[in-house]
Amino acid sequence: MRATIEVSGLRKRYGGTTALDGMTFTVPPGRVTGFVGPNGAGKSTTMRVILGLDAADEGHALVGGRPYRSLRDPLRHVGALLDAGALQPSRTGRDHLLWLAHSQGLGARRVDEVIEQAGLTPAARRRAGGYSLGMRQRLGIAASLLGDPPMLLLDEPVNGLDPEGIVWIRGLLRALAAEGRAVLVSSHLMSELADTADHLVVAGRGRVVADVGVAELIARASRGRVALRSAEPSRAMAALSAAGAEVSADDRGALTVSGLPSEHVVAVLNANAVPFHEVSAHRVTLEAAYMELTRDAVEYRGAAR
Ligand SMILES: Nc1ncnc2c1ncn2[C@@H]1O[C@H](COP(=O)(O)OP(=O)(O)OP(=O)(O)O)[C@@H](O)[C@H]1O
């Protein structure tokens, strides 16, 4: 079974609300695909449809080429974290995992491995009802790893994690992808996916707005601009503007130049004897690139209902 998640032409309405409007994308093995988009864009609905928890009105979702519901021992194929709150509060974390493991023919040794992998060892024998949100997330992630699945779907896994937990999950997701797994991670906060995702599927109003590599998205939004620092920013601005560039300055005196490649920027400054101490490619943050992309796709909740 090829570890690929495929979503094709999904449509779904809830009464008068269109949740999915032709959602189509593929999550290939070997990379972390971030599934992002504003609130209400259809991310959770898509994940529920992939996992057979909700039926689409049209279209199909396949995991490893098959509908999720047709899989025997699904945890061995697809690991999922959807709602970290769905727990029996009186059970210990370890018992919860043992119960899940037994349902899939997996043993206690595997349970202890994922407890260790999820950093849950100190809490594993405590009642899950007393867990913090971060602990519940770790338990949900441990559960998703139980069957050593080649495909993973994690809905907002960073929710509730402390800074150490965030660093941990970034490393875990990257390691899982490096092992050749298909990893789909949803988030509505772009900063959570910076340094984690290789690729982004950006959803807006129930469909895909962009399906793009992270590096390419940043390069595109950076638009070949040049970042410049000079002890004499006004002279630098005057010289570069005279050479046909557009120059803007931030409140700390850093300049951003568009319309001239960096080697021309350097040549113009040298020809005008303007001192400078830094010329580099201007790189927007992933968050800024994403904001630009989704500006038109934001669902204004009040207006939409
Ligand atoms: N069970 C449901 N009943 C009615 N409407 C629903 C239901 N589930 C989702 N919706 C609506 O479908 C749309 C898509 O919701 P969904 O939860 O999939 O978006 P999302 O991208 O996951 O958003 P968020 O980032 O807020 O989790 C929203 O308008 C939502 O209100």
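Residues numbered from 1 in each chain as written. Predicted model: local features only at pLDDT ≥ 70, side-chain atom pairs only at ≥ 80, totals over all residues.

### Here's the deal with the environment of Arg181
One can find Arg181 in the loop between α5 (163-178) and β7 (182-187). The class of Arg181 is buried, set by 21 C-beta atoms lying within 10 Å. Taking the C-alpha atoms as reference points, Arg181 and Val32, separated by 149 residues in sequence, lie 8.6 Å from one another. Leaving out residues up to four positions away in the same chain, Arg181 has contacts with Ala3, Pro29, Pro150, Met151, Leu152 and Leu176. (Helix = DSSP H or I, 4+ residues; strand = E, 2+ residues; numbered from the N terminus. Buried ≥ 20, exposed ≤ 12 C-beta atoms within 10 Å, placed from the backbone. Contact = placed C-beta atoms within 7 Å.)

### A short note on the domain arrangement of the protein
The assigned domain composition of the protein is domain 1 (5-211) and domain 2 (225-281). The gap between the C-alpha centroids of domain 1 and domain 2 is 46 Å. (Domains from an automatic or database assignment.)

### Observations concerning the nonpolar core
If you look at the biggest cluster of nonpolar residues, it comprises 72 residues, and the most contacted ones within it are Ile50, Ala142, Val183, Leu184 and Val185. When neighbours within four sequence positions are excluded, Ile50 is seen to be in contact with Ile5, Val7, Ala61, Val63, Tyr68 and Leu153. With 15 residues, the next largest nonpolar core counts Ala236, Val257, Leu269 and Val274 among its residues. (Core = buried A, V, L, I, M, F, W, Y, C linked by C-beta atoms within 7 Å.)

### A few points about the site of the ligand
Surveying the vicinity of the ligand reveals the residues Tyr14, Thr17, Ala19, Gly37, Asn39, Gly40, Ala41, Gly42, Lys43, Ser44, Thr45 and His188. Secondary structure elements with two or more residues in the shell around the ligand: β2 (17-27) and α1 (43-50). For the shell around the ligand, the element with the highest residue contribution is α1, accounting for three residues. Taken together, the residues that form the shell around the ligand break down as three nonpolar, eight polar and one charged. (Near = placed C-beta within 6 Å. Nonpolar A, V, L, I, M, F, W, Y, C, P; charged D, E, K, R; others polar.)

### Some thoughts on unusual backbone geometry
Of note in the backbone geometry, Asp73 takes a positive phi value of approximately 50° without being a glycine. Tracing the backbone shows Asp73 in the loop between β4 (58-63) and β5 (78-81). Judged by the 12 C-beta atoms lying within 10 Å of it, Asp73 is exposed. Notably, Ala273 is not glycine yet its phi reads approximately 50°, a positive angle. With respect to the secondary-structure elements, Ala273 resides in the loop between α9 (262-271) and β13 (278-281). Judged by the 9 C-beta atoms lying within 10 Å of it, Ala273 falls in the exposed class.

### Looking at the pairing of β7
Where burial is concerned, most of β7 is hidden: six out of the six residues are buried. Of the strand pairs in this sheet, strand β3 (residues 31-36) and β7 are connected by six bridges, and their pairing is parallel. Across the sheet, Val36 pairs through a bridge with Ser187, a residue of β7. One ladder, built from five bridges, connects strand β6 (residues 151-155) with β7; its direction is parallel. In the sheet register, Leu154 faces β7, and the bridge partner there is Val185. (Pairing = 2+ DSSP bridges.)

### A short note on the sheet that holds strand β12 (residues 255-258)
If you walk across this open sheet you meet the four strands as β11-β12-β10-β13, and the pairing is antiparallel. Each edge of the open sheet is held by one strand with a lone partner, namely β11 (246-249) and β13. Across the sheet, the axes of successive neighbouring strands diverge by a mean angle of 25°, strand direction being ignored. Where β11 and β12 come together, four bridges link them in antiparallel fashion. Residue pairing in the sheet places Val247 in a bridge with Val257 of β12. Lying on the sheet, helix α8 (residues 233-242) is in contact with β10 (226-229), β11 and β12; it crosses β11 at an angle near 160°. (Axes fitted to C-alpha atoms, helices over the stretch in contact; angles between N-to-C directions.)

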